[in-house]
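# Topology and contacts: notes
Spelled out from the first residue to the last, the chains are:
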Amino acid sequence: MITYLASKNEGKLAEIRTMLGNSPLQLRTYAAYRDPEEGHESYVDNALLKARALRSQLHDAGIRDAAVLADDSGIELDALGGRPGVDSAVYAGAATPWPQRLATMMREVDEHGGRERGARFVCVMALILPDGREIVVEGDVRGEISPQLRGKNGFGYDPLFFYPPIGKTFGQIPEREKNELSHRGRAARALLEALKP
Ligand code: ITT
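Residues numbered from 1 in each chain as written. Predicted model: local features only at pLDDT ≥ 70, side-chain atom pairs only at ≥ 80, totals over all residues. Heavy atoms only, no water.

## Examining the site of the ligand
The following threshold applies: If even one non-hydrogen atom of a residue comes within 4 Å of a molecule or strand, that residue is called near it. Between N or O atoms, a polar contact is any pair within 3.5 Å; within protein, one atom must be a potential hydrogen donor and the other a potential acceptor, and residues adjacent in sequence are included only when both atoms are from side chains. All accessible areas in this document rest on Shrake-Rupley with a 1.4 Å probe, and a residue is counted as covered only by the protein chains that are shown. By definition, any uninterrupted DSSP run of H or I lasting at least four residues is a helix, any uninterrupted run of E lasting at least two residues is a strand, and each is numbered from the N terminus.
Around the ligand sit 20 residues, and of these Ser7, Lys8, Lys50, Asp158 and Lys178 come closest. Between Lys8 and the ligand, the recorded distance is 2.8 Å, taken from a backbone N or O atom to an oxygen atom. The contact in question runs from an oxygen atom of the ligand to an N or O atom on the side chain of Lys12, over 2.8 Å. When the ligand sits alone it has 620 Å² of accessible area, and the protein chains cover 93% of it. Among the secondary structure elements, those contributing two or more residues to the shell around the ligand are β3 (67–77) and α5 (183–195).

## Some remarks on the pairing of strand β5 (residues 134–145)
What counts here: In short, DSSP must find at least two bridges between two strands for them to pair.
With 11 bridges joining them, strand β4 (residues 118–128) and β5 adopt antiparallel strand pairing. Residue pairing in the sheet places Phe121 in a bridge with Val141 of β5. The turn linking β4 back onto β5 is made up of five residues, and Gly132 within it adopts a positive phi angle of 100°. Across two bridges, the pairing between β5 and strand β6 (residues 161–163) is antiparallel. Considered in β6, the bridge of Glu144 is made with Phe162.

## Looking at the environment of Val124
Just so we agree on the cut-off: The classification of residues rests on relative accessible area computed with a 1.4 Å probe and restricted to protein chains. Under 20% of the type maximum is buried, over 50% is exposed, and intermediate values are partly exposed. Here a residue-residue contact requires only that any non-hydrogen atoms of the pair lie within 4.5 Å.
Mapping Val124 onto the fold places it in strand β4. Relative accessible area serves as the criterion here: at 0%, Val124 is assigned to the buried category. Separated by 59 residues in the primary sequence, Val124 and His183 have C-alpha atoms spaced 8.6 Å apart. If we skip the residues at most four places from it in the chain, Val124 touches Tyr43, Val44, Ala47, Ala70, Asp71, Asp72, Val136, Val137 and Glu138.

## Brief notes about the nonpolar core
Defined as follows: What makes a nonpolar core is a set of buried Ala, Val, Leu, Ile, Met, Phe, Trp, Tyr and Cys residues whose side-chain atoms join them at distances within 4.5 Å.
Grouped together as the largest cluster of nonpolar side chains are 19 residues, with contacts concentrated most on Ile75, Leu77, Met105, Ile145, Phe161 and Phe170. Listing elements by their share of this core, those giving two or more residues are β3, α3 (98–111), β4, β5 and β6. With four residues, the single largest contributor to this core is α3. Not counting chain neighbours up to four residues away, the residues in contact with Ile145 comprise Ile75, Leu77, Met105, Val109, Arg117, Ala119 and Leu160.

## Section: the sheet that holds β4
Definition in use: The convention used is that axes are lines fitted to C-alpha atoms, helices contributing only their stretch in contact, and that angles between N-to-C directions extend from 0 to 180 degrees.
Read from one edge of the open sheet, seven strands run β2-β1-β3-β4-β5-β6-β7, paired in mixed fashion. Lying at the two open borders of the sheet, with one neighbouring strand each, are β2 (26–29) and β7 (168–169). In the packing of helix α1 (residues 10–19) onto the sheet, the strands contacted are β1 (2–5), β2, β3 and β4, and the crossing angle to β3 comes to about 120°. Packing against the sheet, helix α2 (residues 43–60) makes contact with β1, β3, β4 and β5, and its axis sits at approximately 155° to β3.

In structure tokens:
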């Protein structure tokens, strides 16, 4: 089934391509995709918003026989009462470069005493089938905010997300290993399970 991805995030796209590479979903991007303004309420709302926006743009372009898939994700810090969560993409300012965004996060954790370091990555995927049926799945993973940046792999918050069972951040492991452990990997496996006849 041809499936268009409603995402402009290259890091996510690369991971989703690997995760769903051997699945019934044949992934495509749609260069003309215009992403909608996201809300601040929930990952589910945002994932559905993005998937429905792309579906409507494809319909306008005469493409009606494809599925669409969107991913809304974020990081939630215990020390910050669950922030930034759904607002993770605009944490510390929408146009702020990543090194500065990560530095702001480390500083904020320190300002809260630095002892409460627990964090959770969350990923919600919304798939809309060609007949309009909507499937929503979620995956999450708990870890800790590392006191310093570690590793250059992955993207976004990965160099700050320390995963105690392996003693490394997601920035220090290859994509294959991250996909086995991550919120996105868990969501993708739940999606494939939900698609089973
Ligand atoms: P879309 O085009 O898919 O909406 P986005 O970057 O705006 O891309 P989100 O609204 O879902 O995505 O925001 C999620 C934020 O959390 C964004 O800054 C991501 O870079 C970051 N993030 C999500 N998954 C991550 C992961 O696996 N590792 C590191 N950072 C991640």
